[in-house]
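# What the coordinates show
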Amino acid sequence: MQYSKELEGMTCVAKGPDHGPAPIPEEGKWVRVRQVSDISGLTHGIGWCAPQQGGCKLTLNVKDGIIEEALVETIGCSGMTHSAAMAAEILQGKTILEALNTDLVCDAINTAMRELFLQIVYGRSQSAFSEGGLPVGAGLEDLGKGLRTTLGTMYGSRAKGVRYLESAEGYIMELGLDKDDEVIGYKFVHIGKMLEAIKKGTDPKEAFEKNVGVYGRFEEAVRTIDPRHE
């Protein structure tokens, strides 16, 4: 290590206090983090690319500084889906410091990693006060049955009004309107459950019919419309 001549000529003054890092909450414990391996927690974060063309929701489960599981969900850009595939393969097994300094292929995923790093090293993880943290595999629980990202896709125009396209319940097939042509409910099909049933051998028509449901006051509708074509 090199020192400037000005510094070398100074009198050495002893350091008195030994003030360590402030403790942060991690998985139900207060931890003084001195190295990467001291960090544990599960957390979520959102990232976006420079042109804000797409976004990424990233979920990491970190144990003793190592990323044990990663859930990468993207929306808005076709290329991001392939970037997510690569990032999911890259992230697991890395320390959070390695992951922060790794090219995760897509700007939005990189930004999400930065946001998660800040959350977790400052003790702001979702599992900060959960004793023992969350087990590896908990990241998948956000996806629910059928393991599909929860999407909300809604469109509206001044000329023609609102169109509900997809919600937490599933792919929306019909909107129910009242006598004033206001939406009071909708009919949907749960794509994830339907495809799981087909994969297990159920006839596609039967699988479709069994996974159709309604939300709101759909059955009271005066008329219905197809939100994609009417």
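Summary of the structure given here. (Residues numbered from 1 in each chain as written. Predicted model: local features only at pLDDT ≥ 70, side-chain atom pairs only at ≥ 80, totals over all residues. Heavy atoms only, no water.)

Attention now moves to the overall build of the chain. Counting its secondary structure elements, the chain contains six helices and eleven strands. For the chain, whose C-alpha radius of gyration is 25 Å, the value lies well above the compact-globule estimate of 17 Å for 230 residues. Referenced to the eigenvectors of the C-alpha coordinate spread, the extents of the chain come out at roughly 90 × 40 × 30 Å. Once local pairs closer than 6 in sequence are excluded, the contacts in the chain between residues at least 24 apart make up 52%. Summed over its atoms, the accessible surface of the chain is roughly 14,500 Å², and 53% of this surface lies on carbon and sulfur atoms. Looking at the chain, you have 25 positive and 33 negative side-chain charges, and the mean spots of the two groups are 2 Å apart. (Helix = DSSP H or I, 4+ residues; strand = E, 2+ residues; numbered from the N terminus. Rg over C-alpha atoms; globule rule 2.2 N^0.38 Å. Contact = heavy atoms within 4.5 Å. Areas by Shrake-Rupley, 256 points an atom, 1.4 Å probe, with all protein chains shown as cover. Lys, Arg positive; Asp, Glu negative; His and termini not counted. Charge placed at Lys NZ, Arg CZ, Asp CG, Glu CD.)

Let us now look at the side chain of His-190. Among the secondary structure elements, His-190 is positioned in the loop between β9 (183-189) and α5 (191-199). Overall, the relative accessible area of 18% leaves His-190 in the buried class. Contacts of His-190, omitting those with residues within four sequence positions, involve Lys-145, Glu-169, Gly-170 and Asn-211. (Buried < 20%, exposed > 50% of the residue type's maximum accessible area, 1.4 Å probe, protein only.)

What follows covers the sheet that holds strand β5 (residues 66-75). Pairing is antiparallel in the open sheet, where three strands are placed in the order β3-β4-β5. Single-partner strands in this sheet number two, and they are β3 (41-48) and β5. Across the sheet, the axes of successive neighbouring strands diverge by a mean angle of 15°, strand direction being ignored. In terms of strand pairing, β3 meets strand β4 (residues 55-63) through eight bridges, oriented antiparallel. Its bridge partner lying in β4, Leu-42 is registered against Asn-61. Relative to the sheet, helix α2 (residues 78-91) contacts β4 and β5, its axis offset from that of β5 by approximately 175°. (Pairing = 2+ DSSP bridges. Axes fitted to C-alpha atoms, helices over the stretch in contact; angles between N-to-C directions.)

Right, let's get into empty space enclosed by the protein. Once rolled over the atoms, a probe with the size of a water molecule shows which space is left empty. On inspection of all chains with the given rule, the structure shows one cavity of 30 Å³ or more. Here the largest cavity is characterised by a volume of approximately 30 Å³. Taken together, Thr-43, Leu-60, Val-62, Ile-96, Met-113, Leu-116, Phe-117 and Ile-120 make up the full set of residues lining the largest cavity. Secondary structure elements with two or more residues in the lining of the largest cavity: β4 and α4 (107-121). Among the elements that make up the lining of the largest cavity, the one with the highest residue count is α4 (four residues). Of the residues belonging to the lining of the largest cavity, the class tally is seven nonpolar, one polar and no charged. (1 Å grid on protein atoms, 1.4 Å probe; cavity = no way out; pocket = protein on both sides within 12 Å on 5 of 7 lines; lining within 4 Å. Points joined across faces, edges and corners; volume = space filled by probe spheres on them. Nonpolar A, V, L, I, M, F, W, Y, C, P; charged D, E, K, R; others polar.)

Let's shift gears to the pattern of salt bridges. Following the criterion strictly, the structure yields eleven salt bridges and no others. Between Arg-223 and Asp-181 there is a salt bridge, with the nearest N and O atoms lying 3.2 Å from each other. On the criterion of sequence distance, the pair formed by Arg-223 in strand β11 (residues 223-225) and Asp-181 in the loop between β8 (170-177) and β9 is long-range, its members being 42 residues apart. Judged by its relative accessible area of 44%, Asp-181 is partly exposed. (Salt bridge = Lys/Arg side-chain N within 4 Å of Asp/Glu carboxyl O.)

What follows is about the pairing of β4. For β4, the buried fraction is high: eight of the nine residues fall into the buried class. A loop of six residues connects β3 with β4, the two strands running antiparallel in sequence, and Gln-52 in this loop sits at a positive phi of about 55°. Summarising the sheet, β4 and β5 pair through nine bridges and their orientation is antiparallel. Among the inter-strand pairings, Cys-56 is bridged to a residue of β5, identified as Thr-74. Here β4 hands over to β5 after two residues, with Asp-64 in that stretch at a positive phi of 50°.

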